[in-house]
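Topology and contacts: notes
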Amino acid sequence: MRYARTCYTKYPDGPPADIADAIRMKIAHALAGGYDESARRLTPTTRRSVKERDRCCVLCGEPGTEIDHIDGPSNDLSNLRMLCRSCHQLITEQHFVPITDAETRERRDWLLERIMRPEPILPCDGDDWATTWSRWTKDRGLWEER
């Protein structure tokens, strides 16, 4: 939320295409229940192995810039491939499921409303959230000094 709000503040006429795509992906993942980044995090050795094996985008032959998980979060080399940004985005978007139910549309509209408002709707949407959260936990005795 804060990332998207910051981008739309920085680019009042709309963010560049790559940033807008990233925001769209984040919203899609939020609506689908989240994205487990830690499960898809690659070790430097695995990343290097994929780059050495594939060298370029395995779909179009352009320079490869991103490593794609073919099917699920497994980091096994057989589940990884090098793609260019365009092919990776296309493949990812092919996995999107159209919003068909009212509840998901409402959640999407709520997220977009929170992003586009000039002032944060929720405290956690503001740039100063870390400070706000720290103050809130200390005031309630939930913060332990170490």
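Residues numbered from 1 in each chain as written. Predicted model: local features only at pLDDT ≥ 70, side-chain atom pairs only at ≥ 80, totals over all residues. Heavy atoms only, no water.

Looking at the confidence of the model for the protein chain
Parts of the model with low pLDDT should not have their predicted coordinates read in detail. For the record, the criterion: A residue's pLDDT is simply how confident the predictor is in it, with values from 0 to 100. A run of H or I in DSSP counts as a helix once it spans at least four residues, and a run of E counts as a strand once it spans at least two, with each numbered from the N terminus.
In this model, the protein chain carries an average pLDDT of 88, and 97% of its residues clear a pLDDT of 70 or more. Ranking the helices and strands of the protein chain by mean pLDDT puts strand β2 (residues 80–83) first, with 97, and helix α6 (residues 129–139) last, with 85.

Some thoughts on the state of the cysteines
Note the cut-off: Two cysteine sulfurs form what is called a disulfide whenever their separation falls within 2.5 Å. Type-normalised accessible area, obtained with a 1.4 Å probe on protein chains alone, sets the label of each residue: buried when under 20%, exposed when over 50%, and partly exposed for intermediate values.
This model, assessed by the stated rule, comprises zero disulfides. Free cysteine Cys 7: the closest other cysteine sulfur is in Cys 124, separated by 17 Å. Assessed through its relative accessible area of 7%, Cys 7 is described here as buried. Left unpaired, Cys 60 is separated from the closest cysteine sulfur, that of Cys 57, by 3.7 Å.

Side note on the packing of helix α2 (residues 17–31) against helix α5 (residues 102–116)
Note the following rule: Interaxial angles span 0 to 180 degrees and are taken between N-to-C directions of axes, which are lines fitted to C-alpha atoms, for helices over the stretch in contact. Angles are sorted into four bins: roughly parallel if under 35 degrees, roughly antiparallel if over 145, roughly perpendicular if 65 to 115, and oblique for all others. Whether a crossing is left-handed or right-handed is set by the direction in which the near helix is turned from the far one by less than a right angle, anticlockwise for left-handed and clockwise for right-handed. Whether two residues are in contact is decided by their heavy atoms: any pair within 4.5 Å suffices. Gly counts as polar in this scheme, as do all residues outside two lists: the nonpolar Ala, Val, Leu, Ile, Met, Phe, Trp, Tyr, Cys and Pro, and the charged Asp, Glu, Lys and Arg.
Two numbers describe how α2 lies on α5: the axes approach to 10 Å, and their chain directions differ by 140°. As judged from the angle between their axes, α2 and α5 are oblique. As for how α2 packs across α5, the hand of that crossing is right-handed. On α5, the residues touching Ile 27, Ala 30 and Leu 31 of α2 are Thr 104, Arg 107, Arg 108, Leu 111, Leu 112 and Ile 115. Here the contact of α2 with α5 is built from residues that sort into six nonpolar, one polar and two charged.

Description of the nonpolar core
Going by this rule: Put simply, buried Ala, Val, Leu, Ile, Met, Phe, Trp, Tyr and Cys residues joined by side-chain atoms within 4.5 Å make one nonpolar core.
Counting residues in hydrophobic clusters, the biggest one holds eight residues: Ala 4, Cys 7, Ile 19, Ile 23, Ile 27, Leu 31, Leu 111 and Ile 115. If we skip the residues at most four places from it in the chain, Leu 31 touches Ile 99, Thr 104, Arg 107, Arg 108 and Leu 111.

What about the pattern of salt bridges?
Rules: We define a salt bridge as a contact between a side-chain nitrogen of Lys or Arg and a carboxyl oxygen of Asp or Glu at a distance within 4 Å.
This model, assessed by the stated rule, comprises eight salt bridges. Residues Arg 85 and Asp 21 are paired through a salt bridge, measuring 3.5 Å at the closest nitrogen-oxygen approach. With Arg 85 in helix α4 (residues 85–94) and Asp 21 in helix α2, this pair connects stretches of sequence that are 64 residues apart. Looking at Arg 85, the relative accessible area reads 34%, which means it is partly exposed. Across the salt bridge formed by Arg 117 and Glu 113, the nearest N and O atoms sit 2.6 Å from each other. Glu 113 gets classed as partly exposed once you look at its relative accessible area, which sits at 33%.

Side note on the packing of aromatic side chains
Any two aromatic rings considered together are summarised by their centre-to-centre distance and by the angle between their planes. Quick note on the threshold: Under the pairing criterion, centres of Phe, Tyr and Trp rings, with the six-membered ring standing for Trp, must be within 6.5 Å; the plane angle then separates stacked pairs below 30 degrees from edge-to-face pairs above 60, leaving the rest tilted.
Taken as a whole and assessed by the stated rule, the structure comprises two aromatic pairs. For the ring pair Trp 129 and Trp 133, a centre distance of 5.7 Å and an interplane angle of 40° mean the geometry is tilted. Placement of the pair is Trp 129 and Trp 133 together in helix α6, with a separation of four residues, close to one helical turn. What makes Trp 129 partly exposed here is its relative accessible area of 24%. On the numbers, 5.2 Å between centres and 20° between planes, the contact of Trp 133 with Trp 136 is stacked. With a gap of three residues between them, Trp 133 and Trp 136 both fall in helix α6, about one helical turn apart. Ring pairs connect the aromatic residues Trp 129, Trp 133 and Trp 136, which therefore count as one cluster.

Overview of the layout of surface pockets
In plain terms, the rule: Using a 1 Å grid laid over the protein atoms alone, points where a 1.4 Å probe fits but cannot get out form a cavity; open sets with protein on both sides within 12 Å along at least 5 of 7 lines form a pocket; any residue with an atom within 4 Å of a point counts as lining. Grid points are joined across faces, edges and corners, and a volume is the space filled by probe spheres set on the points.
In this structure, the largest pocket encloses a volume near 1600 Å³. In this structure, the largest pocket is lined by 50 residues; those nearest its centre are Met 25, His 29, Tyr 35, Thr 92 and Phe 96. Every element with two or more residues in the lining of the largest pocket is listed here: α1 (2–10), α2, β1 (66–69), α4 and α5. Counting residues per element, the lining of the largest pocket draws most heavily on α2, at 13 residues. Taken together, the residues that form the lining of the largest pocket break down as 25 nonpolar, ten polar and 15 charged.

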